[in-house]
Amino acid sequence: MATPRRVAVVVGSLRKDSLNRKMAKAIAAMAPPSLSLEIVEIGQLPLYNQDDDANPPAASAAFKAKIAAADAVLFVTPEYNRSVPGVLKNAIDVASRPYGKSAWDGKPAGVISVSPGAIGGFGANHHLRQSLVFLNMPVLQQPEAYVGGAGDLFDEAGGVKKPDTKKFLDTFLAAFAAWVERTAKARA
Ligand SMILES: Cc1cc2nc3c(=O)[nH]c(=O)nc-3n(C[C@H](O)[C@H](O)[C@H](O)COP(=O)(O)O)c2cc1C
């Protein structure tokens, strides 16, 4: 079997009991063998400061190196005030600089937004996509993944309880795996 594509999973919440982290873990366990999903942490990152471009903090350089080493990126994020949480935007900025040396450039991406609310983080999902356009990341378009009503989605073991959502996530993962493969071939 070919080596699995390495997918950096970036979670937009630092909360211990984060629903988005649960989703990231659940989806990592459900992923097809062609993908290897690993959460890349963002909570340790200092706030981005352009003055540090020539000599970035160690945590920022290490994060950037992990993104650079990945074949693809999957963002799993909550919506804060109808937009992207500041911690996630900070992580995006950190790995995007210095100008012309972005670690995100050309990497295929997917976006899943998760919320206890009814509209499933639609605002964050689309604000994030705005940044991904500039970062030149080809983003999976369909299926869109706005996971609402997530307050009671996970069981004690972290599995997805609702069969419909589980089925949808399988469909999403299959489409994402095909997208990563197609994009990798186009880049080769
Ligand atoms: C600062 C803040 C702003 C929020 N704004 C929104 C929002 O705009 N839309 C929404 O659906 N939920 C909003 N929420 C509720 C989050 O969806 C909820 O706290 C969710 O559990 C956060 O994701 P997490 O469980 O992964 O930490 C907000 C929560 C916080 C703390």
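Coordinates for the structure precede this section.
This text gives an overview of the structure that appears in the document. (Residues numbered from 1 in each chain as written. Predicted model: local features only at pLDDT ≥ 70, side-chain atom pairs only at ≥ 80, totals over all residues. Heavy atoms only, no water.)

With that settled, the discussion passes to the overall build of the protein chain. Looking only at helices and strands, the protein chain features five helices and five strands. Reading the protein chain from its N end, one meets helices and strands in the order β-α-β-α-β-α-β-α-β-α. The dimensions of the protein chain, computed from C-alpha atoms along their principal axes, are 50 × 40 × 25 Å. Relative to its 188 residues, the protein chain shows a buried fraction of 46%. At a minimum sequence separation of 6, the contacts of the protein chain that also span at least 24 residues come to 78%. When the accessible area of the protein chain is evaluated, it comes to approximately 9600 Å², of which 54% is carbon and sulfur surface. (Helix = DSSP H or I, 4+ residues; strand = E, 2+ residues; numbered from the N terminus. Buried < 20%, exposed > 50% of the residue type's maximum accessible area, 1.4 Å probe, protein only. Contact = heavy atoms within 4.5 Å. Areas by Shrake-Rupley, 256 points an atom, 1.4 Å probe, with all protein chains shown as cover.)

Moving on: the site of the ligand. Neighbouring the ligand are Ser13, Arg15, Ser18, Leu19, Asn20, Pro78, Glu79, Tyr80, Asn81, Arg82, Ser115 and Pro116. With respect to the ligand, the side chain of Ser115 contributes an N or O atom lying 2.7 Å from an oxygen atom. For the ligand, whose accessible area on its own is 620 Å², the fraction buried by protein is 70%. For the shell around the ligand, a count of residues per class yields four nonpolar, five polar and three charged. (Near = heavy atom within 4 Å. Polar contact = N/O pair within 3.5 Å; in protein donor to acceptor, adjacent residues only side chain to side chain. Nonpolar A, V, L, I, M, F, W, Y, C, P; charged D, E, K, R; others polar.)

The subject of this paragraph is the pairing of strand E1 (residues 5–11). In terms of residue burial, E1 counts as a mostly covered element, since five of its seven residues are buried. Between the parallel pair E1 and strand E2 (residues 35–39), the chain is carried across by helix H1 (residues 19–30), and the sense of this crossover is right-handed. (Right-handed = clockwise from strand over helix to strand, strands pointing away.)

Turning next to helix H2 (residues 58–69). For H2, spanning twelve residues, the distance from its first C-alpha to its last is 16 Å, which sits close to the expected 16 Å at 1.5 Å a residue. In the core, the buried residues of H2 are packed alongside E1 and helix H3 (86–96). (Expected span 1.5 Å × (residues − 1).)

Further remarks concern the packing of H2 against H3. How two helices pack is summed up by the angle between their axes together with the distance between the axes. Running from N to C, H2 and H3 cross one another at 80°; their axes reach a closest spacing of 9 Å. Between H2 and H3, the angle falls in the class roughly perpendicular. Seen from H2, the contacting residues are Ser60, Phe63 and Lys64; seen from H3, they are Ala91, Val94 and Ala95. Residues belonging to the contact of H2 with H3 are distributed by class as follows: four nonpolar, one polar and one charged. (Axes fitted to C-alpha atoms, helices over the stretch in contact; angles between N-to-C directions. Parallel < 35°, antiparallel > 145°, perpendicular 65-115°, else oblique.)

Within this structure, the stated rule accounts for one cavity of 30 Å³ or more. By volume, the largest cavity is sized at about 40 Å³. Considering the residues around the largest cavity, the lining is formed by Val11, Ser13, Leu14, Arg21, Ile39, Val40, Glu41, Ile42 and Gly43. (1 Å grid on protein atoms, 1.4 Å probe; cavity = no way out; pocket = protein on both sides within 12 Å on 5 of 7 lines; lining within 4 Å. Points joined across faces, edges and corners; volume = space filled by probe spheres on them.)

Counting residues in each nonpolar core, the largest one holds 31 residues, and the members touching the most others are Met23, Leu74, Ile112 and Phe176. Mapped by element, the contributors of at least two residues to this core are E1, H1, E2, strand E3 (72–77), strand E4 (109–114), strand E5 (145–147) and helix H5 (163–187). Those residues in contact with Met23 that sit more than four places away from it in its chain are Val76, Ile112, Val114, Val147, Leu153, Phe154 and Leu169. In terms of nonpolar packing, the next biggest core, distinct from the first, is built from 25 residues, Val10, Ala70, Ala95 and Val139 among them. (Core = buried A, V, L, I, M, F, W, Y, C linked by side-chain atoms within 4.5 Å.)

Bringing the packing of aromatic side chains into the picture now. Applying the stated rule across the entire model yields four aromatic pairs. Each ring, one from Phe75 and one from Trp104, has its centre 5.6 Å from the other, and the planes form 40°; the classification is tilted. Of this pair, Phe75 sits in strand E3 while Trp104 sits in the loop between H3 and E4, and the two are 29 residues apart along the sequence. Both residues of the pair, Phe75 and Trp104, belong to the buried class. Taken together, the ring pairs in this structure connect Phe63, Phe75 and Trp104 into an aromatic cluster. (Phe/Tyr/Trp six-rings, centres within 6.5 Å; stacked < 30°, edge-to-face > 60°.)

In this structure, the largest pocket occupies an estimated 250 Å³ of space. Surrounding the largest pocket, 13 residues form its lining, Ser96, Arg97, Ser102, Phe134 and Leu135 being those nearest its centre. Those elements that provide at least two residues to the lining of the largest pocket are H3 and helix H4 (122–134). The element contributing the most residues to the lining of the largest pocket is H3, with four residues.

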